[in-house]
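A structural walkthrough
Next come the chains, spelled out residue by residue.
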Amino acid sequence: MLKLVRRSTFQRMRRRLARLYGPERVDQLADRLYAMIGRYGVVADPNNNPKELWDERDAVLITYADMVQKKGERPLVSLKEFCDRRLRGAINTVHLLPFCPASSDGGFSVIDYREVAPEHGTWRDVQTLGQDYELMFDLVLNHCSRKSAYFKDFINGVLPGADFFIEPGEDWDISKVVRPRPWPLLTPIKRVDSETKVWTTFSDDQIDLNWACPDVLFEFLDILLFYIAKGARIVRLDAVAFLWKEPGTECIHLPQTHEVIKLIRDVLQTVAPEVIILTETNVPHQENISYFGRGDEAHMVYNFSLPPLLLHALLKEDTRVFGDWLAGLGETPAKCTYLNFTASHDGIGVRPLQGLVPDEEIDWLVTQTRERGGLVGMRSIEGGGERPYELNITYRDALDDSQDSRKGVARFLCSQTVAMSLKGVPALYFHSFVGTHNDQEGAAAGERRDINRKRWNKSELGELLDQTDNDHSVILNVLVSLLTRRGSHPAFHPDARQIVLETDRQILAFLRESLDRQERILCLFNFSSEPYPIDETWVRERLHGAAGDIRNMLLGSRMEFQDGRYQASPFQGFWMAASKEK
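The structure contained in this document is the topic of the report that follows. As the structure is a computational prediction, the values presented were derived from the model and not from experiment.

**Things to note about the overall build of the protein**
Across its full length, the protein holds 18 helices and 25 strands. The globule rule puts the C-alpha radius of gyration for 582 residues at 25 Å, and the 24 Å found for the protein is close to it. Projected onto its principal axes, the C-alpha coordinates of the protein cover approximately 85 × 55 × 50 Å. Per-residue burial for the protein yields a buried fraction of 59% across its 582 residues. A separation of at least 24 residues holds for 71% of the contacts in the protein among residues at least 6 apart in sequence. Placing the 71 positive and 84 negative side-chain charges of the protein at their respective mean positions leaves the two points 4 Å apart.

**Remarks on the packing of aromatic side chains**
On inspection of all chains with the given rule, the structure shows 30 aromatic pairs. Considering the side-chain rings of Tyr 40 and Phe 226, the 5.4 Å spacing of their centres and the 70° angle between planes classify their relative orientation as edge-to-face. On the criterion of sequence distance, the pair formed by Tyr 40 in the loop between α2 (26-36) and β1 (60-63) and Phe 226 in helix α6 (residues 214-229) is long-range, its members being 186 residues apart. Assessed through its relative accessible area of 37%, Tyr 40 is described here as partly exposed. What links up through ring pairs into an aromatic cluster is the set Tyr 40, Phe 99, Trp 123, Phe 137, Phe 226 and Tyr 227. It is Lys 454 that lies over the ring of Trp 456; its NZ or CZ is 4.8 Å from the centre.

**Section: the side chain of Ser 473**
Structurally, the position occupied by Ser 473 is in helix α17 (residues 471-486). In this structure the side chain of Ser 473 is engaged in a polar contact, spanning 2.8 Å, whose partner is the backbone oxygen of Gln 467.

**Let's talk about the nonpolar core**
Counting residues in each nonpolar core, the largest one holds 172 residues, and the members touching the most others are Phe 322 and Phe 433. No other element matches α6, which puts eleven residues into this core. With residues up to four places along the chain from it excluded, the contact list for Phe 322 reads Leu 306, Leu 309, Leu 310, Ala 313, Val 418, Leu 508 and Phe 527. The next biggest cluster of nonpolar side chains, apart from the first, holds 17 residues, and it includes Ala 509, Leu 524, Tyr 532 and Met 576.

**What to know about helix α1 (residues 7-21)**
The end-to-end C-alpha separation of α1 is 21 Å, in line with the 21 Å expected for 15 residues at 1.5 Å each. Taken residue by residue, α1 has Thr 9, Phe 10, Met 13, Arg 16, Leu 17, Leu 20 and Tyr 21 as its buried positions. All buried residues of α1 lie within an arc of 115° about the axis, which places them on one face of the element. Exposed side chains of α1 directed beyond 90 degrees from the buried face belong to Arg 7 and Arg 19. On its buried face, α1 sits against α2, α6 and α7 (255-271).

**Examining the sheet that holds strand β22 (residues 550-552)**
Ordered by their spatial adjacency, six strands build an open sheet running β18-β19-β20-β25-β22-β23, and the pairing between neighbours is antiparallel. One side of each edge strand has no neighbouring strand; the edge strands of this open sheet are β18 (497-500) and β23 (557-558).

**Description of the packing of α1 against α7**
Direction vectors running N to C along α1 and α7 enclose 155°, while the axes themselves pass 10 Å from each other. Here α1 is positioned roughly antiparallel relative to α7, judged by the angle of their axes. For the pair α1 and α7, the sense of crossing is left-handed. Each of Thr 9, Arg 12, Met 13, Arg 16, Leu 17, Arg 19 and Leu 20 in α1 lies in contact with α7, whose residues at this interface are Gln 256, Glu 259, Val 260, Lys 262, Leu 263, Asp 266, Val 267 and Thr 270. Of the residues that constitute the contact of α1 with α7, the class distribution is six nonpolar, three polar and six charged.

**Considering helix α9 (residues 306-316)**
The element α9 is extensively covered by neighbouring structure, given that ten of its eleven residues are classed as buried. Burial in α9 covers these residues: Leu 306, Pro 307, Pro 308, Leu 309, Leu 310, Leu 311, His 312, Ala 313, Leu 314 and Leu 315. One or two positions beyond α9, positive phi appears at Glu 317, with a value near 55°.

**Let's talk about the pairing of strand β6 (residues 186-190)**
The side-chain alternation of β6 yields one buried face, formed by Thr 187 and Ile 189, and one unburied face, formed by Leu 186, Pro 188 and Lys 190. Of the pairings in the sheet, the one linking β6 to strand β7 (residues 195-199) comprises five bridges and is antiparallel in character. Bridged to Pro 188 within β7 is Lys 197. Between β6 and β7, which pair antiparallel and follow one another directly, the connecting turn spans four residues.

**Notes on the environment of Val 216**
Structurally, Val 216 is set in helix α6. Taking the relative accessible area as the measure of exposure, Val 216 reaches 0% and is therefore buried. The spacing of Val 216 and Lys 262 is 46 residues in sequence and 16 Å in space, taken between C-alpha atoms. Apart from the residues lying within four places of it in its own chain, the contact partners of Val 216 are Phe 164, Leu 209, Asn 210 and Trp 211.

Definitions and limits used
Residues numbered from 1 in each chain as written. Predicted model: local features only at pLDDT ≥ 70, side-chain atom pairs only at ≥ 80, totals over all residues. Heavy atoms only, no water. Helix = DSSP H or I, 4+ residues; strand = E, 2+ residues; numbered from the N terminus. Rg over C-alpha atoms; globule rule 2.2 N^0.38 Å. Buried < 20%, exposed > 50% of the residue type's maximum accessible area, 1.4 Å probe, protein only. Contact = heavy atoms within 4.5 Å. Lys, Arg positive; Asp, Glu negative; His and termini not counted. Charge placed at Lys NZ, Arg CZ, Asp CG, Glu CD. Phe/Tyr/Trp six-rings, centres within 6.5 Å; stacked < 30°, edge-to-face > 60°. Lys NZ or Arg CZ within 6 Å of the ring centre and 35° of its normal. Polar contact = N/O pair within 3.5 Å; in protein donor to acceptor, adjacent residues only side chain to side chain. Core = buried A, V, L, I, M, F, W, Y, C linked by side-chain atoms within 4.5 Å. Expected span 1.5 Å × (residues − 1). Arc of directions from axis to C-beta. Pairing = 2+ DSSP bridges. Axes fitted to C-alpha atoms, helices over the stretch in contact; angles between N-to-C directions. Parallel < 35°, antiparallel > 145°, perpendicular 65-115°, else oblique. Left-handed = near helix turned anticlockwise from the far one by under 90°. Nonpolar A, V, L, I, M, F, W, Y, C, P; charged D, E, K, R; others polar.

Structure, rendered in structure tokens:
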């Protein structure tokens with residue numbers, strides 16, 4: 001196989017290896033890296049220009065492989081049928097949450113990275129799904145299951161697994177380590193010839209990998225290329241902020257962690273430039289966007305502040321904090337963007353609110369969550385004590401109103417429309433698409449996060465969605481319609497300009513303008529439970545003095561202003577544009 005590697009890129013990768021593992025090992029490691037290029041047939045075609053990374057048609061479904069279940073049918077087959085029948089035209093990418101054999105944490109304690117769990121289906125099923133949708137896979141690279149072959153080799157002292165995990169000695173200073181969980185950082189274990197403690201950031205079933213060992217790096221580069229060969233277009237680097245550990249530090253966001261991501265980007269640029277790196281770092285906003293680097297790390301980061309800020313604004317019926325944050329987002333580096341989401345398999349992280357709202361507002365959100373049947377995960381903090389880490393509740397129920405279910409549905413649909421209107425790529429969780437309520441039984445039988453991880457019986461879900469008089473079908477039909485419409489508007493290209501406008505506190509408004517400046521859409525949302533009069537003159541001025549009809553592209557209809565006013569219903573949204581019809 002002809003290996004085309006630009007000299008400048010290869011020299012850059014050598015420098016990264018030297019920074020990570022020392023100059024004395026760089027020749028050997030660089031040779032090993034070169035030998036990997038082309039593995040599994042993953043190699044860039046010099047005759048093909050790589051396609052654009054994204055456009056306005058991109059929308060992601062976040063789902064477990066077995067979210068839809070039917071006895072006697074492989075769940076991956078059921079999932080594809082669901083996507084084909086219910087979501088075709090609305091989404092073009094499926095994020096398959098971990099589908100490998102795993103031992104806990106909803107699949108994030110991976111036992112074997114190269115196998116599909118037989119209870120979900122087969123690699124052929126995954127690739128069949130990939131024939132009609134782009135695929136996103138998780139690369140769970142901070143830790144693995146204690147039932148993995150890696151850890152068994154570690155226990156038995158078999159190389160290379162014997163060096164795959166971290167055993168902090170008594171001289172390791174771990175006093176500054178940032179903790180996302182309240183339980184002990186170190187877990188005692190027995191090896192064949194000794195007793196020791198290993199690093200466990202998230203649980204005693206999830207053993208942190210030792211990235212200071214180059215064998216770990218090369219093992220995961222191999223898995224990365226394997227996933228690409230199986231169809232991964234987006235690779236999500238799970239919990240990557242905790243990747244590298246050094247005594248006496250916070251062990252989060254360390255320079256070596258950023259260096260590893262840059263190295264992965266260099267490798268992808270060489271062998272698969274169309275593949276997107278997505279980092280998952282549930283941390284305060286400025287820390288989160290540090291993973292863009294200088295445009296040389298992640299192509300895409302989760303917009304982690306969006307879910308809690310949007311929730312706060314809609315429940316408070318006050319857009320000021322949310323609008324100020326949105327206005328201050330600034331530009332991302334070239335070829336970088338956000339993944340805009342409101343819900344996922346995890347809870348709604350509240351650490352990203354740090355520095356944006358006072359602690360008492362976070363406590364208020366905790367109270368609101370509990371009143372709606374939700375749960376709250378905690379984390380240890382420096383100096384002792386605990387603070388909220390995430391809210392465990394479906395996003396629909398987080399915006400519910402116990403006295404008025406229609407108000408809750410309207411508020412939820414408003415939240416989803418806002419998220420899909422923002423600069424970036426929208427991603428909707430399965431349970432948002434179908435308006436799932438909290439799964440209290442699931443949480444009671446499993447873990448806290450299972451409240452938002454319900455598995456649907458295929459027939460039961462199908463009957464609900466085939467009816468037209470229940471909230472589940474209404475929510476699904478509205479969201480599918482909106483995403484389909486969105487995909488036809490260049491103003492919603494992820495890179496298209498976004499200008500946040502000053503408004504009354506109950507209103508959120510911003511402009512989106514296509515890259516060629518030919519389409520301009522005024523996105524306006526009433527965050528209030530009261531009607532709001534929209535001023536026609538104000539709208540026309542924002543649309544460059546448009547003189548003809550104003551259309552609401554959300555509905556595809558003309559807006560009928562009465563005496564220069566249009567009465568926005570509670571939680572109503574608009575995509576306003578000047579009509580091109582003469």
